[in-house]
Amino acid sequence: MSVPPVRFSGLPGAPAPPEQGLRTEPESGPSVTPTPPAGATPPPPAVTVAAPLVEKPHPLTPLVRAWVLVVAALWAVGRELLNGTEGLRLPPLNWASGLFGALLLVLVVVAYLDWRATSFIVDAGELRIETGVFTRTSQRIRFDRIQAVDVTEPFAARLLGLAEITIDVGAEGGHKLRYLSRARAAAVRDYLLARAHGVRSAEVNQTVTTGVLDDLGEHDEVLVRVPPQRLLLGAVLSHEFLLLTVPLALFMVGMLVIGPPGETVRESPLIMLGAVLPALGVLWGFVSKRVIGQWNYAFVRSGHGLKITRGLASLTSQSVPRHRIQSLRIAQPIWLRRLGLYRLDMAVLGHRGLTTDEDQAGASSILLPIGTRAEVDVILGTVWPGLRLADIDLQHSPDAARWLQPFSHGWVGWGWDESVITTRQGWLTRVQLVVPHGRVQSLALEQGPLRRRLGLAAVSVHTTEVLAQCVAANLDAGTARELLFAEKDRARTSGLGHLLTPAPEAATGPTTGPMSAG
C-alpha cells in the first residue's frame, strides 16, 4: 500500500518548513530589502527556525486501548438480543447493566480526552511526546539519541489497520507512539531512522510502500526468510515439546495398563477420549504459539539499517541496531544437529535477556528462530561483516576436564582474534557465544574445590547484557590466568571497527566455525 504524505516532512496537509539558514517573508505584501550604504559591511544572514510540526494519534486510538471492554459490552448486549423470546429488544436496565454502562462510558470519555491531549511534535533537533489530561508530560527525544525504531501491530490494532511505534534510546528505555495508521507508522519509522542517521527532513522520501502481512517496502531486500514448515519442525523437536509429551504419554500408558482404572478405560473409549483431547489441546497450543509468533519471519536490509519482521496475529517489525549488540549466541539442540539447523540470538543494550516466549510481540533477542548454516552465515556477515569465526583457532580443555564434562569434552573450547572472544559449551544444546573485546565489562576467574584438585579453572566474561554466562570452562589453571589478563588488555584497547567493516575475504568463505565437532 502507498503511505500518505507525512506531516513530519512538510507535505500537503501541513505547512512546509523553511530551509535552514533562510528567512521566510510574510505573504501580506512585497518585501523590500533596504540597500546598505556604500562601503558598509552587509549584515549576516538571518536564521529562522522552522515551526514545529505536529502529528496526532489516529482517531480510533481510544477504541483500541479499551477494546476488551467494548467487546465485552457488545457480547453481553448481543447475547441478550439474540436470546430474547420477544424479538430483538434491549436488556432491562437493572443496576448491574447500568453500572457497567456507566463505567464503560467513563473509560471511553477518559480515553477520548487522553487522545485529544496527546501530540507528537517534531522540532529542529528532537521529537516531543506530549501526553496527559490533568498532569501534562513532555517526553523529549533527541534524534541523535535514537538507537532503533520498531513498529508493532497488536492483534486489536491490526484489525483496524493501526500500529504503534517504539523508539529505543538505549538505557533510558523505550518511548511509544500509540496509535497511527499502518501506512503512517511505516513512514514515521523511516523518517525517524533517517533523522537519527543525520539525514535532513527535506531529504527523506515522502512515500513508502509496505506490505500488510510482512511490513516490507518495495526497496527492502529480504536476506533470509524462514518457511512455516521449518518453524513447525523446530517446535516439535524442541526440548519444551518433549517435556510436555513424555509426561502425557506416561499418563496415558498408566491409565491403560495399571489396575482396575485401566480396565474401565479400555471398556469405555469415551473416557480415554476425554483424557486425550485436553492433552492434544495443550500440545497444539504450544506448537501453534511458536509458529504464529515467528510466522513469515524475514531478515531484511531496509534503507538505513536492518530489521526483522515476524508474526501472524500480531505483526512486529524490529530494528537490528548493529552497533549496540553486546554478544551473539549460536545454539543447536541435539535433535537438530543431524538436520544442520541452528538458532541465533543477540544481546542488545537495554533489552531484556534471552527470549523464551517466541510468541511475544515487540523486541526479541531472536535473530534467527531456526535456520541452516548458510542462513546463519548470511546474518552474521550482515550484522558483523568483519566477523571470521572459522579463522579462530579454538583451544580445548585438557584431558583432566573429561571428568567434569564427559559428554561434551570434544565440544567445549575457547578462542579469540583481534575482534572477539568466543566460547563453546553445552551438551544437549551446544552453544557458541561470541563477545567483542570492546563490549567486555569485567572478567572473573572461578575455581571451586573439584576444579582446584584437578588443576582447572574457568574464566567468565561479562558484558552489560548477558544472554547466558559466557564462560571459557575447565581450562588449565595457568592458561586461565593468562587468558584473564590478556583479555583485560584486549578489552581496554579494542573497539568495534573490525567487526562493522567488511573483511576483504568476506565473500570467499564462511563466517561461522563448525558446530558438529566432538
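Computed from a predicted structure; not experimentally measured. (Residues numbered from 1 in each chain as written. Predicted model: local features only at pLDDT ≥ 70, side-chain atom pairs only at ≥ 80, totals over all residues. Heavy atoms only, no water.)

Participant: What exactly am I supposed to notice about the overall build of the protein here?
Facilitator: Within the protein, the regular secondary structure consists of 13 helices and 21 strands. Buried positions account for 43% of the 518 residues belonging to the protein. Relative to all contacts within the protein whose residues are 6 or more apart in sequence, the contacts with residues 24 or more apart total 60%. Just so you have it, the protein exposes about 26,800 Å², and 62% of that area is on carbon and sulfur atoms. (Helix = DSSP H or I, 4+ residues; strand = E, 2+ residues; numbered from the N terminus. Buried < 20%, exposed > 50% of the residue type's maximum accessible area, 1.4 Å probe, protein only. Contact = heavy atoms within 4.5 Å. Areas by Shrake-Rupley, 256 points an atom, 1.4 Å probe, with all protein chains shown as cover.)

Participant: How do you make sense of the packing of aromatic side chains when you look at a structure like this?
Facilitator: As enumerated under the stated definition, the model contains three aromatic pairs in all. Seen in terms of ring centroids, Tyr 112 and Trp 115 are 5.8 Å apart; in terms of plane orientation they differ by 35°. Their pairing is tilted. With Tyr 112 and Trp 115 both in helix H3 (residues 95–117) and three residues apart, the pair spans about one turn of that helix. On the accessibility criterion, Tyr 112 (39% relative accessible area) is partly exposed. In this structure Trp 115 comes out as buried when scored by relative accessible area, which is 17%. On the numbers, 4.8 Å between centres and 25° between planes, the contact of Phe 407 with Trp 427 is stacked. Here Phe 407, found in the loop between strand S15 (395–396) and strand S16 (413–416), pairs with Trp 427, found in the loop between strand S17 (420–425) and strand S18 (429–436); they are 20 residues apart in sequence, far enough to count as distant. The ring of Trp 115 has Lys 56 lying over it, and the distance from NZ or CZ to the ring centre is 5.7 Å. (Phe/Tyr/Trp six-rings, centres within 6.5 Å; stacked < 30°, edge-to-face > 60°. Lys NZ or Arg CZ within 6 Å of the ring centre and 35° of its normal.)

Participant: Help me understand a nonpolar patch on the surface, please; the structure alone is not making it clear to me.
Facilitator: Residues Leu 105, Val 109, Tyr 112, Leu 113, Val 133 and Phe 134 make up a contiguous nonpolar surface patch of roughly 610 Å² in combined accessible area. As for its placement among the helices and strands, Phe 134 is situated in the loop between strand S3 (126–131) and strand S4 (137–142). Assessed through its relative accessible area of 79%, Phe 134 is described here as exposed. (Patch = residues over 30% accessible without salt bridge, like charges linked within 9 Å, V, L, I, M, F, W, Y side chains within 5 Å. Salt bridge = Lys/Arg side-chain N within 4 Å of Asp/Glu carboxyl O.)

Participant: Could you clarify how one ought to interpret the sheet that holds strand S20 (residues 456–462) in this entry?
Facilitator: To summarise the sheet geometry, strands pair through backbone hydrogen bonds and adopt either a parallel or an antiparallel arrangement. Strand order in the open sheet formed by three strands is S19-S20-S21, and the pairing between neighbours is antiparallel. The sheet terminates laterally at strand S19 (442–446) and strand S21 (470–476), the two strands that pair on one side only. When the angles between neighbouring strand axes are averaged without regard to direction, this sheet yields 20°. Relative to S21, S20 runs antiparallel, the two being bridged by five bridges. The residue bridging Ser 460 from the neighbouring strand is Val 471, located in S21. Against the sheet, helix H12 (residues 477–493) makes contact with S19, S20 and S21, and its axis sits at roughly 140° relative to S21, the strand it touches most. (Pairing = 2+ DSSP bridges. Axes fitted to C-alpha atoms, helices over the stretch in contact; angles between N-to-C directions.)

Participant: Where do I start with the pairing of S17 in this structure?
Facilitator: On a regular strand, one side chain projects to one face of the sheet and the next to the other, so that they alternate. Among the six residues that make up S17, five are buried, leaving the element largely enclosed by the rest of the structure. Relative to S17, S16 is paired through four bridges, and the arrangement is antiparallel. Within S17, the residue paired with Gly 413 across the bridge is Arg 424. The hairpin turn running from S16 into S17, its antiparallel successor, is three residues long. Where S17 meets S18, six bridges bridge the pair, whose relative direction is antiparallel. Bridge pairing links Thr 422 to Val 434 in S18. Counting the residues that bridge the hairpin from S17 to S18 gives three residues, and of these Gly 426 lies at a positive phi of roughly 100°.

Participant: Got a minute to help me understand the nonpolar core in this structure?
Facilitator: When a protein is soluble and globular, its nonpolar side chains tend to lie buried together. The biggest cluster of nonpolar side chains holds 38 residues, and the ones touching the most others in it are Phe 299, Val 320, Leu 367, Ile 379 and Val 383. Those elements that place two or more of their residues in this core are helix H6 (228–236), helix H9 (269–293), strand S10 (305–310), strand S12 (325–333), strand S13 (341–348), strand S14 (366–372) and helix H10 (373–383). A per-element tally of this core places S13 first, with five residues. Residue assignment places this core across two domains, with domain 3 (229–293) and domain 4 (390–500) each supplying three or more. Each residue touching Val 383, except ones within four places of it in the same chain, is listed here: Phe 299, Leu 306, Val 320, Arg 322, Ile 325, Leu 367 and Leu 500. Among the nonpolar cores identified, the runner-up in size contains 20 residues, and Val 122, Phe 143, Ile 146 and Leu 177 belong to it. (Core = buried A, V, L, I, M, F, W, Y, C linked by side-chain atoms within 4.5 Å. Domains from an automatic or database assignment.)

None of the figures reported here should be taken as evidence of function without further support.
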